[in-house]
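Architecture at a glance
Next come the chains, spelled out residue by residue.
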Amino acid sequence: MPAARYRVRLMAAIPDKPSLDGIETPLIERWERDGTYRFDRSATRDQVFAIDTPPPTVSGSLHVGHVFSYTQTDTVARYQRMIGKKVFYPIGWDDNGLATERRVQNFYSVRCDSSLAYEPGYQPPFRGDAPKGTQEIPVSRPNFVELCKELVAQDEAVFEDLFRRLGLSFDWSYLYTTIGDHCIRTSQQAFLRNLARGEAYLQEAPTQWDVDYRTAVAQAEMEDREMPGAYHLIAFARTDGLGDVTIDTTRPELLAACVALVAHPTDERYQPLFGTTVRTPLFDVEVPIVAHHLADPEKGTGIAMICTFGDTTDITWWRELNLPTRPIVGWDGRLLSAEREWITTAAGQGAYGELAGKSVKQAQAKIVELLTSSGALHDDIRPIKHPVKFYERGDRPLEIVTTRQWYIRNGGRAADINEALRARGRELTFYPNHMWHRYDNWVENLAGDWLISRQRFFGVPFPVWYALDAEGVPLHDAPIVPDEADLPIDPSTETPPGFTADQRGRPGGFIGDPDIMDTWATSSLTPEIAGHWVDDPDLFARVFPMDIRAQAHDIIRTWLFATVVRSHHEFASLPFKGATLSGWILDPDRKKMSKSKGNVVTPMHLLEQYGSDAVRYWAANARLGTDTAFDEGQMKIGRKLSNKLLNAAKFVLSFPPIGGGVAIDDPVDLSMIAKLDAVIVEATTAFEAMDYARALERTESLFWWFCDDYIELVKARGYEGDGSALKSLRYALHAFLRLFAPFLPFATEEVWGWWQQGSVHNATWPTVSGLEGDPAILDAAGFVLAQIRGAKTTAKVSQKAAVALVEIAATQAFLDTVDPATDDISTAGTVARYRLIETDSDPVVNVVLEPTQVSSGASG
RNA sequence: GGGCGCAUAGCUCAGUUGGUUAGAGCACCUGGUUUACAUCCAGGGUGUCGGGGGUUCGAGUCCCUCUGUGCCCACCA
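Residues numbered from 1 in each chain as written. Chains lettered and ligands numbered in written order. Predicted model: local features only at pLDDT ≥ 70, side-chain atom pairs only at ≥ 80, totals over all residues. Heavy atoms only, no water.

Focus on the overall build of chain A
- Regarding its fold elements, chain A presents 24 helices and 29 strands.
- If you line up chain A on its principal axes, its C-alpha atoms span 115 × 65 × 55 Å.
- The contacts of chain A with a sequence gap of at least 6 include a subset with a gap of at least 24, amounting to 78%.
- Accessible area for chain A stands at about 36,300 Å²; split by element, carbon and sulfur atoms hold 51% of it.
- Charge-centre separation for chain A: the mean point of 86 positive side chains lies 3 Å from the mean point of 116 negative side chains. (Helix = DSSP H or I, 4+ residues; strand = E, 2+ residues; numbered from the N terminus. Contact = heavy atoms within 4.5 Å. Areas by Shrake-Rupley, 256 points an atom, 1.4 Å probe, with all protein chains shown as cover. Lys, Arg positive; Asp, Glu negative; His and termini not counted. Charge placed at Lys NZ, Arg CZ, Asp CG, Glu CD.)

Shown next as structure tokens:
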């Protein structure tokens with residue numbers, strides 16, 4: 001595109017009553033029309049500032065937390081644009097994954113069935129609020145995906161509207177969606193590369209499993225919840241006939257899955273029993289008593305039952321002690337129905353038969369009943385509350401089920417990869433710095449490789465097939481991969497090279513991998529996706545590695561880490577140089593705002609009520625990494641600031657423009673410019689350190705001083721047409737508009753349009769004036785003026801009241817400093833006469849009001 | 001149990017390498033304006049800078065320690 005497309009526009013007239021109301025929409029349209037935020041892709045990497053933006057999950061609505069963090073990043077983007085960087089600032093929607101599936105299921109009342117064939121032109125009978133109790137209609141995976149796409153498109157339009165209204169300066173032409181072909185292709189290509197290099201592998205292993213979603217879950221997606229439970233004491237009969245061994249368990253329903261009892265090697269109570277066996281109650285299965293250091297003598301009876309699998313320690317014991325596998329919990333969270341071959345007695349099989357088909361919860365109730373009547377269960381059942389692992393989106397506790405899953409090596413099993421990824425963390429600049437600890441902590445303590453496969457439907461399919469042997473058994477060890485050029489592919493509908501479609505599912509034929517990738521496996525590639533790694537290497541070279549990744553601190557372990565893993569494997573580099581971590585929004589009671597608490601405020605209503613700039617002001621006031629209370633008071637202040645900017649600008653511009661030959665030469669004006677220069681330096685330094693909040697605070701502070709003190713002082717000279725004053729006012733306004741532009745894009749652009757060409761957002765960030773001024777002059781003048789104002793306030797007279805005499809007693813240095821400002825002070829404070837008295841102490845100002853001005857009620 | 005934050009005015013928070021008498025906004029009170037300002041301005045602060053100890057000529061700032069509070073991780077028989 002052309003580098004600069006200036007549109008000839010008539011200068012907008014300065015309104016009599018400037019207003020913030022309704023300024024957003026025309027400006028949004030103008031920015032889009034003019035391509036104000038378009039990325040200039042002719043720029044080389046060193047001229048580019050690239051931002052890796054979080055694609056929000058499209059599953060309903062945006063909340064104030066989005067407004068908060070996206071605004072913070074936007075201020076940085078706007079600053080970078082103004083210092084001359086070509087800003088690559090794309091946005092995407094994260095619309096694949098479980099959240100969307102669930103919404104689609106409810107919205108259309110359908111259920112995805114991968115075994116069904118695609119039905120072109122399928123229309124679901126229900127839309128929106130399907131009648132309650134309606135049977136979910138099975139549809140094929142491609143049809144289901146079509147419905148997902150249809151629904152997310154509606155949500156995305158709403159998101160886009162809000163983001164534009166907020167003034168986020170994305171280049172919308174690079175918009176991506178995680179369910180779009182481009183993302184699928186990128187994910188699949190990255191996966192195939194991982195596979196080819198051995199970084200991705202398929203393994204059958206015990207896996208954390210959500211029984212409702214019926215999918216495996218990764219370590220990073222699990223959370224603990226405090227749940228009620230109960231200890232059950234269960235007696236196991238020793239096979240040597242010398243009595244019982246009693247264990248304590250919260251999961252008696254897993255008794256049939258018991259493979260051993262375990263105690264600590266040094267536990268004297270159980271040392272004699274190591275190597276002996278006991279028989280499980282009810283099922284009468286002989287299991288050994290073994291020793292392992294993870295057994296805790298302090299817990300329960302000091303000896304535990306090992307089941308396959310009740311928790312992660314069971315997995316460790318099972319693996320390290322080479323114990324057999326006796327699975328009893330199925331994918332649906334119910335006890336498996338088929339006969340368990342290790343239960344050999346008729347009574348045992350009978351007992352198991354009573355449990356088979358029951359949910360874990362039902363099975364627990366039943367087995368307690370059975371154990372009680374058999375006498376093996378101590379009647380002292382002690383209820384407790386204990387943390388239980390859940391999938392973060394799940395409703396029931398995770399079970400551990402042995403399944404075949406895809407993993408990506410992330411240092412959870414290999415020390416060398418772990419160290420390499422920790423080194424990447426040290427290489428990355430975190431804003432704020434201390435967030436690095438969360439990264440390092442997580443990587444250091446990883447429990448296993450990254451499980452990326454999900455047994456779901458709406459996501460990126462694994463681009464592999466498996467040949468079937470003569471018996472129809474899949475050859476999982478030798479996945480068939482497509483050519484990268486053929487991506488994206490869906491193995492459930494497409495045929496692998498060397499096969500025909502009718503061989504699908506037949507012995508000697510093939511099957512497609514039925515799984516999809518976890519959403520993080522796609523979003524871990526946002527720099528590659530946005531930068532078009534797969535289809536535009538020229539663009540990619542100009543934007544990668546990106547400059548910053550913006551995100552919230554709670555997803556360091558997921559999004560940030562996963563992105564580093566993918567980039568490390570593929571490019572042996574970081575995906576971005578820095579990461580800015582935003583805080584959370586807390587409600588006024590300091591609790592984290594969340595949908596489930598019902599305390600979420602809808603952002604659009606805030607934008608309408610206070611104006612976008614005012615809401616942005618609130619967001620930009622919070623520093624990175626700091627959780628912030630939701631505070632409409634701050635928005636009111638932001639609105640006042642924006643309003644002040646309009647009015648101060650109107651006032652400054654009400655004076656006639658001054659010719660080019662006029663110099664700023666009055667010491668008072670030079671003093672103001674010196675202060676302005678200092679703030680420009682501070683704001684610039686702050687922005688370079690991603691400290692937008694400080695840049696705003698310094699600018700705002702100077703601006704109010706500029707309005708209240710400087711303008712008031714030089715107003716009179718302005719009315720007289722003094723060149724230096726008029727030039728200074730416009731000079732300062734020009735700078736203030738640009739300093740505020742990252743924060744208040746609408747108000748600054750509105751004012752800019754009154755007297756400047758182009759967009760303030762493509763203007764150059766202010767730099768120091770190069771003029772020599774003494775800031776102390778205005779400090780001294782401000783001090784004297786404050787004394788005069790204070791005297792009038794004390795006397796309860798108008799600020800316009802005349803002053804007969806101002807006596808300033810101070811050091812000669814102070815008197816010399818204030819001297820150039822006395823004329824301005826005179827007009828601003830209506831002072832008739834000064835008397836300067838040299839002393840060697842701190843300045844003292846004595847104000848003598850004109851007698852006629854003293855109100856009759858005043859004392860004396 | 002491990003790690004990382006935070007604690008400053010009634011509220012929300014600044015306070016950059018240690019340096020005069022610790023600041024801002026909000027709220028509150030008083031007064032003044034109402035031809036730049038759907039308002040604006042001026043004036044109004046007895047703060048144990050969480051407690052204690054230390055370093056220093058000097059500590060809100062650096063060190064130690066304790067307390068409170070929040071988050072992350074681990075533990076889950």
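Let's talk about the layout of surface pockets
- Of the pockets and cavities examined, the second largest pocket occupies roughly 1,500 Å³.
- In terms of lining, the second largest pocket is formed by 48 residues, of which the most central are Thr-250, Arg-251, Gly-310, Asp-311 and His-386.
- When contributions to the lining of the second largest pocket are tallied by element, the ones reaching two or more residues are strand 9 (222–238), strand 10 (244–249), strand 14 (303–307), helix 6 (312–320), helix 8 (360–374), strand 15 (382–391) and strand 16 (399–408).
- The element that contributes the greatest number of residues to the lining of the second largest pocket is strand 9, accounting for six residues.
- Each residue belonging to the lining of the second largest pocket can be placed in one class, and the counts come to 21 nonpolar, 15 polar and 12 charged. (1 Å grid on protein atoms, 1.4 Å probe; cavity = no way out; pocket = protein on both sides within 12 Å on 5 of 7 lines; lining within 4 Å. Points joined across faces, edges and corners; volume = space filled by probe spheres on them. Nonpolar A, V, L, I, M, F, W, Y, C, P; charged D, E, K, R; others polar.)

A look at the protein's contact with RNA strand B
- Taken together, 46 residues sit near RNA strand B, with Asp-248, Asp-296, Ala-304, Pro-387 and Arg-623 positioned nearest.
- What you see for RNA strand B is that sugar and phosphate hold 69% of its atoms within 4 Å of the protein.
- Asp-708 is positioned with one of its side-chain polar atoms (N or O) 3.0 Å from a phosphate oxygen of RNA strand B.
- With respect to RNA strand B, the side chain of Glu-712 contributes an N or O atom lying 3.3 Å from a base nitrogen.
- Broken down by secondary-structure element, the contributors of at least two residues to the surface near RNA strand B are strand 9, strand 10, helix 6, strand 15, helix 10 (436–444), helix 17 (632–653), helix 19 (692–719) and helix 22 (775–794). (Near = heavy atom within 4 Å. Polar contact = N/O pair within 3.5 Å; in protein donor to acceptor, adjacent residues only side chain to side chain.)

Examining the side chain of Arg-78
- Structurally, Arg-78 is set in helix 2 (residues 64–82).
- Among the polar contacts made by the side chain of Arg-78, one reaches the side chain of Asp-74 at a distance of 2.8 Å.
- A polar side-chain atom of Arg-78 sits 3.0 Å from a polar atom in the side chain of His-761.
- Once you skip the residues sitting within four places of it in the chain, Arg-78 turns out to touch Trp-31, Tyr-37, Gly-167, Leu-168, Ser-169, Arg-616, Ala-741, Pro-742, Pro-745 and His-761.

Here's the deal with the pattern of salt bridges
- Scanning the model with the defined rule gives 56 salt bridges in all.
- Across the pair Asp-284 and Arg-279 runs a salt bridge whose closest N-O atoms are separated by 2.9 Å.
- Judged by relative accessible area, which is 31%, Asp-284 ranks as partly exposed.
- Across the salt bridge formed by Asp-824 and Arg-717, the nearest N and O atoms sit 2.9 Å from each other. Note that Asp-824 is positioned in helix 24 (residues 822–829) and Arg-717 in helix 19, a separation of 107 residues in sequence. Pair check on accessibility: Asp-824 and Arg-717 agree, each one buried. (Salt bridge = Lys/Arg side-chain N within 4 Å of Asp/Glu carboxyl O. Buried < 20%, exposed > 50% of the residue type's maximum accessible area, 1.4 Å probe, protein only.)

Digging into the sheet that holds strand 23 (residues 546–552)
- Strands sit in the order 2-1-23-24-17 across an open sheet of five strands; the sheet is parallel. Strands at the two margins of the open sheet, each flanked by one partner only, are strand 2 (86–88) and strand 17 (429–431). Sheet twist, expressed as the average angle between the axes of neighbouring strands with direction ignored, equals 20°.
- Helix 14 (residues 556–571) contacts strand 1 (48–52), strand 17, strand 23 and strand 24 (576–582) of the sheet and is inclined by roughly 165° relative to strand 23. (Pairing = 2+ DSSP bridges. Axes fitted to C-alpha atoms, helices over the stretch in contact; angles between N-to-C directions.)

Let's talk about the packing of aromatic side chains
- Applying the stated criterion to the full structure yields 45 aromatic pairs.
- Consider the rings of Phe-88 and Tyr-174, whose centres lie 5.1 Å apart with planes at 80°: the pair is edge-to-face. With Phe-88 in strand 2 and Tyr-174 in the loop between helix 4 (141–165) and strand 6 (176–177), the pair connects residues that are 86 residues apart, well separated along the chain. Per residue, the accessibility class of Phe-88 equals that of Tyr-174, and both read buried.
- Judged by centre distance (4.9 Å) and plane angle (80°), the rings of Phe-107 and Tyr-108 are edge-to-face. (Phe/Tyr/Trp six-rings, centres within 6.5 Å; stacked < 30°, edge-to-face > 60°.)

Digging into the pairing of strand 16
- Of all 10 residues that make up strand 16, eight are buried, and the element is covered over most of its length.
- Pairing of strand 7 (residues 200–210) with strand 16 involves 10 bridges; the strand directions are antiparallel. Paired with Leu-202 across the two strands is Trp-406, which belongs to strand 16.
- Taken together, the two bridges between strand 16 and strand 18 (residues 450–451) define a ladder with antiparallel strand orientation. From the neighbouring strand, Ile-408 faces strand 18, where its bridge partner is Trp-450.

A short note on the packing of helix 22 against helix 24
- The N-to-C vectors of helix 22 and helix 24 enclose an angle of 25°; their axes lie 10 Å apart at closest approach. Between helix 22 and helix 24, the interaxial angle falls into the category roughly parallel. By crossing handedness, the relation of helix 22 to helix 24 is classed as right-handed. Counted together, Ala-781, Val-784, Leu-785, Ile-788 and Lys-792 of helix 22 and Ile-825, Ala-828 and Gly-829 of helix 24 form the full contact between these two elements.
- Broken down by class, the residue content of the contact of helix 22 with helix 24 amounts to six nonpolar, one polar and one charged. (Parallel < 35°, antiparallel > 145°, perpendicular 65-115°, else oblique. Left-handed = near helix turned anticlockwise from the far one by under 90°.)

Some details on a negative patch on the surface
- Taken together, the side chains of Asp-816, Asp-819, Asp-823, Glu-838 and Asp-840 make up a negatively charged region of the molecular surface.
- Considering the arrangement of structural elements, one finds Asp-816 in helix 23 (residues 812–818).
- The exposure class of Asp-816 is partly exposed, given its relative accessible area of 48%. (Patch = residues over 30% accessible without salt bridge, like charges linked within 9 Å, V, L, I, M, F, W, Y side chains within 5 Å.)

Description of helix 15 (residues 603–610)
- Along helix 15, the residues that are buried comprise Pro-603, Leu-606, Leu-607 and Tyr-610. Around the axis of helix 15, the buried residues are gathered within 100° of arc, so they sit on the same side.
- Buried residues along helix 15 sit against helix 2, helix 4, helix 16 (612–620) and helix 17.
- Looking one or two residues past helix 15, Gly-611 carries a phi angle of roughly 95°, positive in sign. (Arc of directions from axis to C-beta.)

Looking at the sheet that holds strand 29 (residues 844–849)
- Spatial ordering of the open sheet is given by 28-27-29, a layout of three strands whose pairing is mixed. Each edge of the open sheet is held by one strand with a lone partner, namely strand 28 (834–838) and strand 29. Between one strand axis and the next, the sheet turns by 10° as a mean value, whatever way the strands run.
- Helix 22 rests against strand 27 (803–810) and strand 29 of the sheet, and its axis sits at about 40° to strand 29.

Observations concerning helix 24
- Within the sequence span of helix 24, burial applies to Thr-822, Asp-824, Ile-825, Ser-826 and Gly-829.
- Of the surrounding secondary structure, the elements contacted by the buried residues of helix 24 are helix 18 (667–688), helix 19, helix 22, strand 27, helix 23 and strand 28.

What to know about the packing of helix 16 against helix 19
- Running from N to C, helix 16 and helix 19 cross one another at 115°; their axes reach a closest spacing of 9 Å. Judged by residue contacts, Tyr-617, Ala-619 and Ala-620 of helix 16 engage Tyr-692, Ala-693, Leu-696 and Glu-700 from helix 19.
- Partitioning the contact of helix 16 with helix 19 into residue classes produces six nonpolar, no polar and one charged.

Quick word on the confidence of the model for chain A
- Per-residue confidence for chain A gives a mean pLDDT of 90; residues scoring 70 or more make up 95%.
- Every residue in residues 595–599 scores below 50 in pLDDT, and together they form eight contacts with partners more than four places removed in sequence or on other chains.
- Predicted as a complex, the structure gets a pTM of 0.90 and an ipTM equal to 0.94. (pLDDT = per-residue confidence, 0-100.)

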